[in-house]
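# Chains, contacts and geometry: an overview
Listed here are the chains, written in short residue letters.
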Amino acid sequence: MSYMEAKAKYAALGIDTDAAIQKLMTVPVALHCWQGDDVRGFDTDPNKPLTGGIQTTGNYPGRARTPEELMADLDVVLKLCPGMKKMNLHACYAIFEDGEWADRDKLEPKHFAKWVEFCKERGLGCDFNPTFFSHPMCDPLTLSSHNAETRKFWIEHGKACIRISQYLAEELGQPCIMNIWTGDGFKDIPADRMGPRVRYKEAIDEILSEPFDFNKVKPCVESKVFGIGVEAYTVGSAEFSLSYAAANMDRCIPLMDNGHYHPTEVVSDKIPALLAFFPEIALHITRSIRWDSDHVVMLDDETKEMCKEIVRCGGLEGSVKIALDYFDASINRLAAWTVGYRNVQKALLMALLTPDYKELQDANNWTEVLVRSEELKTLPFGDVWAEYCKVNGVPADGEWFATIKEYEEEVLLKRV
Ligand code: RNT
Ligand code: ZN
């Protein structure tokens, strides 16, 4: 009954809640596997430090230690998240069988066959990321290293990842967004800022010279402002990455992570700026506190504004590739995944339930834009969200956390 009342209230504003629900169910949002194990992966010593300027903090019990554990955890989360889910893997999550092992420059599609099986059984697409961090061949730079041997290793890794991405796209019948991010940078003021950037550019050129179908594989370059231990200089800065993507529009798209900008910059405003030039862009939705801290996404103003821009700019028709990127090791990892994913879904649904005030803006009627936007905030969004969860066959708010608590008791706390 409350949904019918909510539906009528939105209808009075010209909003069709049923259509919004149906629309959102067609939009893929990628769930990052790395929240489940604190970005450790399976291809190197799990106790090695995380490098590349990213950091997980906390030692909440229950981290997934094997592919089986990670997949079991994901299965719990997938059932609690509404919408069209897609997986997002890193190369370090390769699954080796029968004692086999391959270094990152030698990874092959077969090392992801188990993931393909996992995705197929659940009807999911899959995105992919080369892993240019937490590895002995980081010197500490990777693609921008002055050492030709280091560069060669990481270029080969990038090319291997293109082949794996093509395999994922073909097997799963959905495009694979392949994101290139490196933590390359310096702690202190560089003597040479140009050299690493030129080498980085040439290295990405080489990776993208590997043949692939741009309709299936969407290579991205993700920019960053700084990382821990690389505070003074990041090779793949905003200008570098955006320029690279602009100069290579036939094979590459820009990726913005909203944790990767100065604190007063907002990605919501950058979405239409980029879409004025690029037919496709990619996003990592995260939450940063003072730095790129990768906290769990909240239903906060900027998440809502980013989703509003995605919707307003037609991004749900495929031009905006949406992924999540955060990792918190201080709370239950399944709850972290679920809360963040559900929040992005909520923000997208809210955006779809927002009337278009473009005509008021064009008429310079800013008074009414303000009045109507503010009054929208007290509409019964919760009832539409509950209906969305119901239509998707997932629990409503207040009904899913018990599942995680039970799983924690029965499974996670036994992982010692
Ligand atoms: C790091 C970037 C990058 C990573 C993942 C693990 O600052 O955001 O996207 O978080 O690739
Ligand atoms: Zn990111």
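The following paragraphs examine the structure supplied in this document. Bear in mind that the values here come from a model prediction, so they are computed numbers and not experimental data. Residue numbers here run from 1 along each chain, matching the order of that chain's written sequence. Chains carry letters and ligands carry numbers; both start at the beginning, A for chains and 1 for ligands, and go up in the order they are written. Residues qualify for local features only when their pLDDT is at least 70, as the model is predicted, and side-chain atom pairs are given and counted only at 80 or more; totals for whole chains, interfaces and linings, by contrast, use all residues. Computation of side-chain values covers all heavy atoms of the structure but excludes hydrogens and water.

### Section: the overall build of the chain
Selection rule: Note on conventions: DSSP H or I runs of at least 4 residues are helices, E runs of at least 2 residues are strands, and numbering of each starts at the N terminus. Contacts were defined at the residue level, with two residues in contact if any of their heavy atoms lie within 4.5 Å. Here the accessible surface of atoms and residues is derived via Shrake-Rupley with a 1.4 Å probe, and residues count as covered only by protein chains that are part of the display. Positive charges are assigned to Lys and Arg, negative charges to Asp and Glu, while His and the chain termini are left out of the count. Working definition for charges: the position is that of NZ of Lys, CZ of Arg, CG of Asp or CD of Glu.
Helices and strands together make up the secondary structure of the chain, namely 14 helices and 12 strands. If you line up the chain on its principal axes, its C-alpha atoms span 65 × 55 × 40 Å. When contacts within the chain are restricted to residue pairs at least 6 apart in sequence, long-range pairs at least 24 apart make up 79% of them. With the model as given, the accessible surface of the chain reaches about 17800 Å², and the carbon-plus-sulfur share is 54%. Computing the positive centroid from 46 side-chain charges and the negative centroid from 65, the chain places the two 0 Å apart.

### Here we look at the packing of aromatic side chains
The test is simple: The aromatic pairing rule takes the rings of Phe, Tyr and Trp, using the six-membered ring of Trp, and pairs them if the centres are within 6.5 Å, calling planes under 30 degrees apart stacked, those over 60 edge-to-face and the rest tilted. Throughout this description, buried means an accessible area under 20% of the type-specific maximum (1.4 Å probe, protein chains only), exposed means over 50%, and partly exposed covers the range between.
Counting across every chain of the model gives 10 aromatic pairs. With a centroid separation of 4.9 Å and 90 degrees between ring planes, the pair formed by Phe-153 and Trp-154 is classed as edge-to-face. An identical accessibility class is assigned to Phe-153 and Trp-154; each is buried. On the numbers, 5.8 Å between centres and 35 degrees between planes, the contact of Trp-385 with Tyr-388 is tilted. Remark: Tyr-388 and Trp-385 occur in helix H13 (residues 381-391); sequence separation between them is 3 residues, near one turn of the helix. Residue Trp-385 is classed as buried on the basis of its relative accessible area of 3%. What makes Tyr-388 buried here is its relative accessible area of 0%. An aromatic cluster is defined as three or more aromatic residues linked by ring pairs; in this entry it consists of Phe-132, Phe-153 and Trp-154.

### Looking at the pattern of salt bridges
Definition in use: Here, a salt bridge means any side-chain nitrogen of Lys or Arg that lies within 4 Å of a carboxyl oxygen of Asp or Glu.
Within this structure, the stated rule accounts for 30 salt bridges. Across the pair Arg-415 and Asp-73 runs a salt bridge, and its minimum N-O distance is 2.7 Å. Within this pair, whereas Arg-415 is found in the segment after helix H14 (401-410), its partner Asp-73 is found in helix H3 (residues 67-78), the two being separated by 342 residues in sequence. For the pair shown, Arg-415 and Asp-73 are each scored as buried. Residue Glu-156 pairs with Lys-152 through a salt bridge whose shortest N-O separation is 3.0 Å. Of the two residues, Glu-156 and Lys-152 both sit in helix H5 (residues 148-172), 4 residues apart, roughly one turn of that helix.

### Description of the side chain of Ser-319
For Ser-319, the position within the fold is in the loop between helix H9 (301-312) and strand E12 (320-324). Sequence-distant contacts of Ser-319, defined by excluding residues within four places in its chain, comprise Leu-275, Pro-279, Glu-280, Ile-281 and Gly-314.

### Overview of the coordination of the zinc ion (ligand 2)
Heads up, the condition is: We call an atom a donor if it is N, O or S and sits within 2.8 Å of the metal, or 3.2 Å for Na, K and Ca. Water is not counted, so some sites may look partial.
Distances from the zinc ion (ligand 2) to its protein donors, namely Glu-222 (OE), Asp-257 (OD), His-284 (ND1) and Asp-325 (OD), fall within the range 2.1 Å. Assessed through its relative accessible area of 4%, Glu-222 is described here as buried.

### Some words on the pairing of strand E3 (residues 125-129)
Along any regular strand the residues' side chains alternate between the sheet's two faces. What counts here: Two strands form a pair only when DSSP identifies at least two bridges running between them. Handedness is read with the strands pointing away from the viewer; a crossover is right-handed when the path from the first strand over the helix to the second is clockwise.
Taken across its 5 residues, E3 has 5 buried, putting it largely inside the fold. Of the two faces of E3, the one lined by Gly-125, Asp-127 and Asn-129 and the one lined by Cys-126 and Phe-128 are each fully buried. Inspection of the sheet shows strand E2 (residues 84-90) paired to E3 by 5 bridges, in the parallel sense. Directly across from Asn-88, in E3, lies its bridge partner Asp-127. Following the chain from E2 across helix H4 (residues 113-122) to the adjacent parallel E3, one finds a crossover that is right-handed.

### As for the site of ligand 1
Where we set the bar: Neighbouring residues are identified by heavy atoms, a residue being near a molecule or strand if any of them is within 4 Å of it. Within 3.5 Å is the distance limit for a polar contact, defined as a pair of N or O atoms, with the added protein rule that one can donate a hydrogen and the other accept it, and that residues adjacent in sequence qualify only through two side-chain atoms. Lys, Arg, Asp and Glu make up the charged group, whereas Ala, Val, Leu, Ile, Met, Phe, Trp, Tyr, Cys and Pro make up the nonpolar group; the residues left over, Gly among them, are polar.
For ligand 1, the full set of nearby residues is Trp-34, Ile-54, His-90, Trp-181, Glu-222, Lys-224, Asp-257, His-260, His-284, Asp-292, Asp-325 and Phe-327. One of the side-chain N or O atoms of His-90 is found 2.7 Å from an oxygen atom in ligand 1. Side-chain polar atom of Asp-325 to an oxygen atom of ligand 1: 2.8 Å apart, as the coordinates give it. Its residues placed into classes, the shell around ligand 1 shows 4 nonpolar, 3 polar and 5 charged.

### Side note on the packing of helix H2 (residues 17-24) against H13
Note the cut-off: Comment: axis = line fitted to C-alpha atoms, over the contacting stretch for helices; angle = value between 0 and 180 degrees taken between N-to-C directions. The labels follow the angle: roughly parallel below 35 degrees, roughly antiparallel above 145, roughly perpendicular from 65 to 115, and oblique for the rest. Helix crossings fall into two classes, left-handed where the near helix is turned counterclockwise from the far one by less than a right angle and right-handed where it is turned clockwise.
Viewed as axis vectors pointing N to C, H2 and H13 meet at an angle of 45 degrees, and their least axial separation amounts to 10 Å. When the axes of H2 and H13 are compared, the pair comes out oblique. Crossing geometry of H2 relative to H13 is assigned as right-handed. Counted together, Thr-17, Ile-21, Gln-22 and Leu-24 of H2 and Val-384, Glu-387, Tyr-388 and Val-391 of H13 form the full contact between these two elements. Considering only residue class, the contact of H2 with H13 consists of 5 nonpolar, 2 polar and 1 charged.

### Some details on the packing of H9 against helix H10 (residues 333-352)
Two elements in contact, H9 and H10, have axes whose closest approach is 8 Å; the angle formed by their N-to-C orientations is 50 degrees. Overall, the two elements H9 and H10 adopt an arrangement that is oblique. Classified by chirality, the crossing of H10 by H9 is right-handed. Where H9 abuts H10, its residues Thr-303, Lys-304, Cys-307, Lys-308, Ile-310 and Val-311 lie against Val-344, Ala-347, Leu-348, Met-350, Ala-351 and Leu-352. When its residues are assigned to classes, the contact of H9 with H10 shows 9 nonpolar, 1 polar and 2 charged.

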